[in-house]
Amino acid sequence: MIALAHEAASGAADWRERLTRLQDRHLDTASRLVESDNLLNTLNDQLNARFANLHQLLASLDLMGSAPVEVIELVSGLGELLSAHLLSARFNAIGHESVVLDAREVLRVKPTPLMVAVDWETSQANLEHFRREHPARRYVITGFICRRVDGRISTLGRNGSDYSASIFGRLFGADEVHIWTNVDGLLSADPSAVPQAVLLDHLSYREAFELAYYGARVLHPQTLAPALEADIPVRIRNTFNPDCPGTRIDSAGNPEPPVKGISGIGGMALVNIEGAGMIGVPGTAERVFSALHRADVSVAMISQGSSEHSICAVVPASVASTAVSVLEDAFERELRHGQIQRIALHADIRVLAIVGEGMAGTPGVAARLFNALGRAGINVRAIAQGASERNISVAINEVDAERALKAIHAGFYLSEQTLSVGLIGPGNVGRALLAQLEATRERLKREANLDLRLRGIASSRRMLLSDTHLNIDDPAKTLTEQGQALDLEVLAKFIDDDHLPHAVLIDCTASDAIAEHYPNWLARGLHVITPNKHAGSGPIARFRKIRAQLEKSSARWRYEATVGAGLPIVQTLRDLIDTGDKVLRIEGIFSGTLAYLFNRYEPGMSFAELVSEARSAGYTEPDPRDDLSGMDVVRKLVILAREMGLELELDDVSVESLCPERLEGASVDESLARLESIDTPMAKRLETARNQNQVLRYVASLDNEGRAEVSLKSLPDDHPFASLALTDNVVAFTTERYRDNPLIVQGPGAGPDVTAAGVFADLLRVAAHLGARL
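Below, the structure is looked at part by part. (Residues numbered from 1 in each chain as written. Predicted model: local features only at pLDDT ≥ 70, side-chain atom pairs only at ≥ 80, totals over all residues. Heavy atoms only, no water.)

## Quick look at the packing of aromatic side chains
As enumerated under the stated definition, the model contains nine aromatic pairs in all. The interplanar angle of 45° and the centroid separation of 6.4 Å between the aromatic rings of F168 and F172 together place this pair among those described as tilted. Within this pair, F168 and its partner F172 are both found in helix α7 (residues 160-172), separated by four residues, close to a single helical turn. With a centroid separation of 5.2 Å and 75° between ring planes, the pair formed by Y601 and F607 is classed as edge-to-face. The class of F607 is buried, set by a relative accessible area of 0%. A network of ring pairs unites the aromatic residues Y518, W521, F543, W557 and Y559 as a single cluster. Positioned above the aromatic ring of F91, the side-chain terminus of R138 is 4.8 Å from the ring centre. R455 extends its terminal NZ or CZ atom over the ring of F494, reaching a point 4.4 Å from the ring centre. (Phe/Tyr/Trp six-rings, centres within 6.5 Å; stacked < 30°, edge-to-face > 60°. Helix = DSSP H or I, 4+ residues; strand = E, 2+ residues; numbered from the N terminus. Buried < 20%, exposed > 50% of the residue type's maximum accessible area, 1.4 Å probe, protein only. Lys NZ or Arg CZ within 6 Å of the ring centre and 35° of its normal.)

The following block contains the structure:
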């Protein structure tokens with residue numbers, strides 16, 4: 001109807017045709033709602049009379065060539081009148097007597113600088129008069145429209161119909177006011193930004209006011225004022241889900257949970273006034289806000305440090321330049337003399353607020369807020385909290401807003417602590433990890449409020465991405481049938497989804513090419529967990545780059561499984577160093593594969609066949625030459641050396657390879673077929689050891705000077721390394737504290753299940769760091 005008014009005023013040729021179509025649509029709706037001829041004739045007469053008046057009004061605008069504001073307000077309220085007549089007629093048609101109440105006959109308002117104020121005394125008297133003249137059990141009242149106290153037709157503005165409901169609830173002395181909308185009620189956050197947002201079943205008026213002010217689109221702050229004054233509960237209900245009880249808003253509220261919701265205002269800018277000349281000078285803040293008031297600049301948030309060195313105000317971006325200009329004028333003298341150093345403008349700001357009556361007197365709320373933001377890598381530009389403790393507001397960069405909202409929401413357990421997980425390498429370890437993840441996922445969700453959501457899986461050639469959790473029994477088959485070509489950049493971007501607060505990539509490959517991506521993944525905030533040894537033992541320049549990114553980013557790199565599968569070898573070394581102990585020497589059997597081989601190896605056995613057997617059982621690397629060459633052990637030793645602060649490279653380790661040089665250029669299958677060439681020399685070494693009551697063990701050693709060696713040794717059969725279970729690793733830490741009796745870590749160091757368990761444990765450590773209650 002507003003569009004029709006502007007078209008008529010502009011002389012558009014087809015406004016009459018469009019008006020006729022609109023009238024026909026209303027008449028058609030009337031015929032569908034009302035079957036009684038008498039009622040339908042009465043309704044049609046009412047509708048036709050309204051449209052006849054509208055036609056005359058539009059014709060006048062056509063002649064005038066303009067559309068005054070008063071006329072637009074008159075036209076904009078006609079839709080409510082027409083809808084009220086239709087609804088009232090429907091009630092009467094089904095036997096429920098009702099009367100249309102045109103709010104312009106009752107409601108009187110007067111404009112104020114802050115809002116439209118109701119003249120309660122006059123409006124109450126008008127309503128009582130109307131009810132005496134038109135007694136009924138049910139009134140269908142027009143929303144949105146009203147009259148000013150001088151009799152001019154007006155409207156209540158944005159969300160005017162909800163405001164009308166609250167006003168008439170108070171005028172009628174209602175027990176409750178129900179506002180029907182298209183959602184189930186007020187939610188803990190904007191569901192378009194936080195899909196895990198939950199319905200808030202009970203709020204206080206003040207909590208609802210705060211959430212509405214900070215952008216909860218379901219409710220306008222003004223709506224609740226009349227209900228609050230009359231202590232009338234308000235319910236927000238869903239037209240399309242009437243069985244849902246919705247959100248109840250009343251004076252009592254509910255203290256639990258302390259934080260009810262998170263909301264925000266975008267399109268803001270931060271103006272900062274800074275200077276030593278402000279310290280201890282009375283009236284500075286008053287001058288700031290007086291200048292902004294004179295320029296009609298609304299301030300959404302204020303923050304000042306106790307040092308009084310700076311004051312910042314968050315204002316709408318649309319008036320930010322005006323704010324800076326008027327403040328520069330107001331403090332021209334101080335700026336000229338250097339008492340104020342600068343008045344700076346920071347654009348693209350969003351204010352986020354956590355709201356809840358239960359925050360008052362509850363320790364740790366602010367800490368949880370800032371922990372959540374810190375873990376998500378969000379920089380806070382300004383902070384504000386009122387003495388009521390009902391609201392804590394932070395100003396952040398707009399680009400971080402969605403991620404911050406999700407992180408805060410998850411941090412207060414309004415949604416699950418969700419990790420977006422991507423797995424690269426669904427081989428033996430990867431498949432075992434998937435099985436362990438699926439077996440414990442529901443328990444972790446139930447007991448720790450932790451949602452480990454596998455959203456991507458990738459092999460060397462293909463990948464599969466999903467917005468929902470992937471539960472895959474056969475990764476190879478699923479990737480072949482449903483996957484797409486592998487693109488690691490696309491995978492990382494998908495896993496690092498703004499809809500989820502935290503993201504983790506798990507690399508279960510043995511690929512150096514995948515390790516090349518770690519610095520970039522860490523730089524974008526992706527946590528990286530891996531049993532892949534290449535990043536920790538590869539070129540020192542890349543290792544330094546990874547470490548540098550860890551210093552800059554909030555992301556974590558966990559690699560416990562690179563050294564001892566599920567054994568806490570890296571963590572033990574880290575604990576020794578962090579608690580001030582000095583590590584003198586590390587010695588041990590670091591290869592579960594070679595431990596298995598030499599525990600099983602007996603006179604008369606083929607060593608080559610034993611290697612093939614170990615590979616089939618999943619105890620070796622995909623290429624067993626990586627184990628036999630000793631390079632797998634060398635990599636583990638280099639990882640531990642770097643953990644000690646020694647910048648060793650692979651070439652710095654003296655290594656005895658068990659793999660003949662002539663096998664280096666062959667394929668994996670060819671090398672296994674030719675491996676029998678080492679059976680004879682290996683049998684001789686075993687015989688020599690047995691004759692001396694010794695055993696063969698593949699031992700690695702490292703001292704604090706950086707001397708590192710990996711070799712096959714004959715050890716006395718009573719040596720601690722001699723009596724191991726099949727795939728056990730054993731590590732002895734000799735330190736200042738453990739000089740005479742080394743600290744021993746021993747246990748299974750190979751196999752898909754224990755390696756996957758080590759990776760899973762690292763994943764849970766990252767989750768605990770991010771706030772999961774483990």
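## Quick look at the sheet that holds strand β11 (residues 261-274)
On the basis of which strands lie adjacent, the open sheet formed by six strands has the order β12-β13-β11-β14-β16-β15 and antiparallel pairing. The open sheet is flanked by β12 (301-304) and β15 (380-385), the only strands paired with a single partner. The average undirected angle you get between the axes of adjacent strands in this sheet is 30°. Where β15 meets strand β16 (residues 391-397), five bridges bridge the pair, whose relative direction is antiparallel. Following the sheet pairing, A382 is matched in β16 by A395. The strands touched by helix α14 (residues 401-411) are β11, β14 (342-355) and β16; relative to β14, the strand with the most contacts, the crossing angle is about 35°. (Pairing = 2+ DSSP bridges. Axes fitted to C-alpha atoms, helices over the stretch in contact; angles between N-to-C directions. Contact = heavy atoms within 4.5 Å.)

## Some points on the packing of helix α24 (residues 592-600) against helix α25 (residues 607-616)
Where α24 meets α25, the axes come as close as 10 Å, and the angle between the chain directions of the two elements is 135°. One element, α24, and the other, α25, form an angle in the oblique class. Considering how the two elements wind past one another, α24 and α25 form a crossing that is right-handed. Of the residues in α25, those in contact with Y596, L597, F598 and R600 of α24 are F607, L610, V611, E613 and A614. For the contact of α24 with α25, a count of residues per class yields seven nonpolar, no polar and two charged. (Parallel < 35°, antiparallel > 145°, perpendicular 65-115°, else oblique. Left-handed = near helix turned anticlockwise from the far one by under 90°. Nonpolar A, V, L, I, M, F, W, Y, C, P; charged D, E, K, R; others polar.)

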